[in-house]
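Spelled out, the chains give:
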Amino acid sequence: MQGTKRQPDHILNVEGLAQLLRALRADAYRLVGPTVRDGAIVHAEIRGIDDLPAGWTETQEAGTYRLVPRGDGALFGFSTAAQSYKQVFFVPRLRLLKLRRKDSSFTVEHDAPVTSRLALIGARSCDLHAIEVQDRTLLTGPFADPDYAARRSDLFIVAVQCGQSGGTCFCASMGTGPRSTAGFDLALTELFEPHRFLVQVGTEAGERVLARLPRALATESERVAAEGVVEQTAQSMGRRMDTTGIKELLYRNLEHPRWDDVAERCLGCTNCTLACPTCFCSTVEDTGDLTGESAERWRRWDSCFTLDHSYLHGGSVRTSTRSRYRQWMTHKLASWIDQFGTSGCVGCGRCITWCPVGIDITEEVAAIRRADGACSGEGGAP
Amino acid sequence: MNETRPKLAVWKFASCDGCQLSLLDLEDELLALADAVDIAYFREATSRESNGPFDLSLVDGSIARPEDIDQIREVRRRSRHVVALGACATAGGIQALRNFASVEKYKSLVYAKPEYIHALAESKGIAEFIRVDFELRGCPPNKHQLLEVVSAFLAGRRPNVAAHSVCVDCKLSGNVCVMVTGTPCLGPITHAGCGALCPTYRRGCYGCYGPAEAPNTQSMARAFQHAGVPDVDLVRVLRTFNANAPAFRKESERHE
Ligand code: SF4
Ligand code: SF4
Ligand code: SF4
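(A) View of the interface of chain B and chain A. The interface of chain B with chain A comprises 37 residues on the first partner and 40 residues on the second. Together, the buried faces of chain B and chain A total about 3,000 Å²; carbon and sulfur atoms form 56% of this surface. Taken together, the connections running from chain B to chain A amount to three salt bridges. Counting every contact that joins chain B to chain A gives 15 residue pairs in polar contact (both at pLDDT 80 or more). For the side of chain B that touches chain A, the elements supplying multiple residues, two or more each, are α2 (30-36), α6 (143-155), α7 (166-172) and α9 (217-226) of chain B. In terms of residue count, α6 of chain B provides more of the side of chain B that touches chain A than any other element does, five residues in total. When its residues are assigned to classes, the side of chain B that touches chain A shows 19 nonpolar, 10 polar and eight charged.

Encoded structure:
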């Protein structure tokens, strides 16, 4: 494993997992994990093992999500949760400052950044990679975001090696999964008959917590079984994307007729961007009260699919849906690489599942590749 | 009385008065509002009738009778800023269902003395008759947005009211999308403002706030059809409070 000596793997039974979650809470971690709400498996604050989606799985297809029971009582027997961790670290709404009139001047107040110990329970490889991708935008460089930094400063990560691929997953194509190889404190693989978890240790912090739990050493056959689980997932990806020369492919096809085709279907609703774990756009809103005594400045998620997003003096730059979809996809898969040295896509499939009309980024790329160099003849229409 | 306070007028045309109630519904802020402005004309709330001129006129209701046209022009003449309030004033309201039928015909069916009814053939939003400084959507508008609009005009700044889809508010709230989990929802083509009220309670959006910016109604209609919604119902969902909003109107006519 990445040059370091692999620690021996362990086995926790279901009670052992319950104790792990209790131990983390005892160490003052808030737990964010999967749970069933409103017909889907979502990431939310959980109290313990009873909140996990026991016996639930889902089917995901383009524009469709259905919760489905499964017979085996699996606790992590699904693929991606409806939301990523973006909502936890890069929060949807954030007050940036508060102004109050005072005599002939005003005072400025800032909310203290939120720091709390956070344990991510059941984190998937794609979502861990997505955090790394967001880190490059929000944590490094000259414009680091202090609120984001504070919220993700004290993490304990319990990863889960995916036991099944969702219908819209394509992490294998993006090199981001399904196997978590780094970036976790502990990683679980769920095994059955009997129901138990193989535990890989990623950090010393993970090792210390594990040492407090009743556990056994994993046998060779359990290691092989766990390896088989994630290998099987890798072999059964719901989708794939050919990323060969993808940056150049998109850059040389800015006038491809497929952009018109997708614009005809795209609602411009923003769901793909807001569901995407790496999209980081936000806008700033100022409000003042009736009396003019106080004002506030808020940051909130924005999307390249709104007209306001490209509003410059005098109007919006990207007035057509064609140009907005093209902006999103070429940024995600091509210019992100120039900007941040990585693709902006981790292959989680959320933009496909949660698009109300099932627009599929893998299919859009494939369509452009099939007719590489085709031109709609619209010139540089915005 | 502080005579330097800006003068506010609230006008009613064809409507249920619900938008004016949104204003009265401000409860906590109502006293502050009454302090900040001189409520010079607001029949729902006070018998005072000033002739203006007014700094800000809020207009509730659609233009539905011949005399409404002169009156709304008079409102414009006497007001520095005019804000259209709600689905009636911005899109003709539910009474714009008449725009798809013949007023003459149903008048004679419904009323004993149809000659007393002076109705225009179509009910329309006020921007079809006068220049409007801002349109606040919704049936009724969100009271916080209403307060924001009034505050913005008093401060001489642009109201912070986004024109994007309901989906944005849905995702900001962390809702699970009802459309993707099986319930047809107009949210993707509907103007935000309600805070995604219906999807938050697991129902599809009814389109109370009318079309969002750049609505792709054709693709939305195909998605509804794909979900098994027959054309007759598609026409119904597009013809509620904002039936005469051009984007909704055009799409509903495609499915007649
Ligand atoms: S672009 Fe789509 S598949 Fe890629 S990371 Fe974003 S939501 Fe996931
Ligand atoms: S691609 Fe889908 S989710 Fe994204 S804006 Fe278009 S319709 Fe909405
Ligand atoms: S529930 Fe409706 S409004 Fe909310 S995201 Fe889905 S389609 Fe949009």
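(B) Spotlight on the site of ligand 3. Asn271 of chain A together with Val166, Cys167, Cys170, Cys177, Val178, Met179, Cys185, Gly187, Pro188 and Pro199 of chain B make up every residue found near ligand 3. One finds residues of chains A and B in close proximity to ligand 3. Here the shell around ligand 3 gets three residues from one element, more than from any other, and that element is α7 of chain B. Looking at the shell around ligand 3 residue by residue, the class counts come to nine nonpolar, two polar and no charged.

(C) Broad picture of the domain arrangement of chain B. Residues and elements named next belong to chain B. Looking at chain B, the domain boundaries give domain 1 (7-155) and domain 2 (166-254). Taking the mean C-alpha position of each, domain 1 and domain 2 sit 25 Å from one another. Each side of the interface is counted separately: domain 1 has 19 residues, and domain 2 has 17 residues. When domain 1 packs against domain 2, close to 1,300 Å² is buried across both sides, 53% of that on carbon and sulfur atoms. Our enumeration of links across domain 1 and domain 2 arrives at one salt bridge. For Arg249, the salt bridge goes to Glu122, with nearest N and O atoms at 3.6 Å.

(D) Representation of the packing of aromatic side chains in the model. Across all of its chains, the model carries 12 aromatic pairs over all chains by this definition. Over the ring of Phe78 of chain A we find Arg124 of chain A; its NZ or CZ atom is 4.6 Å from the centre of that ring. For Arg158 of chain B, the ring lying beneath its charged end belongs to Tyr311 of chain A, and the centroid distance is 6.0 Å.

(E) Main features of the side chain of Lys98 of chain A. Residue and element names in this part refer to chain A. Relative to the assigned elements, Lys98 resides in strand β6 (residues 93-102). Classification of Lys98 as buried rests on a relative accessible area of 18%. When sequence neighbours within four positions are dropped, the list of residues in contact with Lys98 reads Thr107, Val108, Glu109, Ala295 and Glu296.

(F) View of the site of ligand 1. Residue and element names in this part refer to chain A. Taken together, Phe170, Cys276, Pro277, Trp328, Lys332, Cys345, Val346, Gly347, Cys348, Gly349, Arg350 and Cys351 make up all the residues around ligand 1. Elements with a minimum of two residues in the shell around ligand 1: α11 (321-340) and α12 (350-353). A breakdown of the residues in the shell around ligand 1 according to their chemical character gives eight nonpolar, two polar and two charged.

(G) Layout of the domain arrangement of chain A. All names here are of chain A. Taken as a whole, chain A is organised into domain 1 (10-92 + 111-238) and domain 2 (241-286 + 300-380). For domain 1 versus domain 2, the separation of C-alpha centres amounts to 28 Å. The partner domain 2 presents 33 residues to the 32 residues of domain 1 that form the contact. Overall, the association of domain 1 and domain 2 removes approximately 2,600 Å² of surface from exposure, summing both partners, and the carbon and sulfur fraction of that is 62%. Among the residues domain 1 hides against domain 2, the three largest losses belong to Lys86, Phe170 and Met174. Together they make up 23% of the total. Taken together, the links from domain 1 to domain 2 amount to one salt bridge. Run the count over domain 1 and domain 2 and you get 23 residue pairs in polar contact (both at pLDDT 80 or more). When residues of the side of domain 1 that touches domain 2 are traced back to their parent elements, those giving at least two are β4 (56-61), β5 (64-69), α2 (86-89), α3 (125-138) and α5 (171-174). When residues of the side of domain 1 that touches domain 2 are assigned to their parent elements, the largest contribution, eight residues, is made by α3. Here the residues of the side of domain 1 that touches domain 2 sort into 14 nonpolar, 14 polar and four charged.

Calculation notes
Residues numbered from 1 in each chain as written. Chains lettered and ligands numbered in written order. Predicted model: local features only at pLDDT ≥ 70, side-chain atom pairs only at ≥ 80, totals over all residues. Heavy atoms only, no water. Contact = heavy atoms within 4.5 Å. Buried area = accessible area lost by both parts, 1.4 Å probe. Salt bridge = Lys/Arg side-chain N within 4 Å of Asp/Glu carboxyl O. Polar contact = N/O pair within 3.5 Å; in protein donor to acceptor, adjacent residues only side chain to side chain. Helix = DSSP H or I, 4+ residues; strand = E, 2+ residues; numbered from the N terminus. Nonpolar A, V, L, I, M, F, W, Y, C, P; charged D, E, K, R; others polar. Near = heavy atom within 4 Å. Domains from an automatic or database assignment. Phe/Tyr/Trp six-rings, centres within 6.5 Å; stacked < 30°, edge-to-face > 60°. Lys NZ or Arg CZ within 6 Å of the ring centre and 35° of its normal. Buried < 20%, exposed > 50% of the residue type's maximum accessible area, 1.4 Å probe, protein only.

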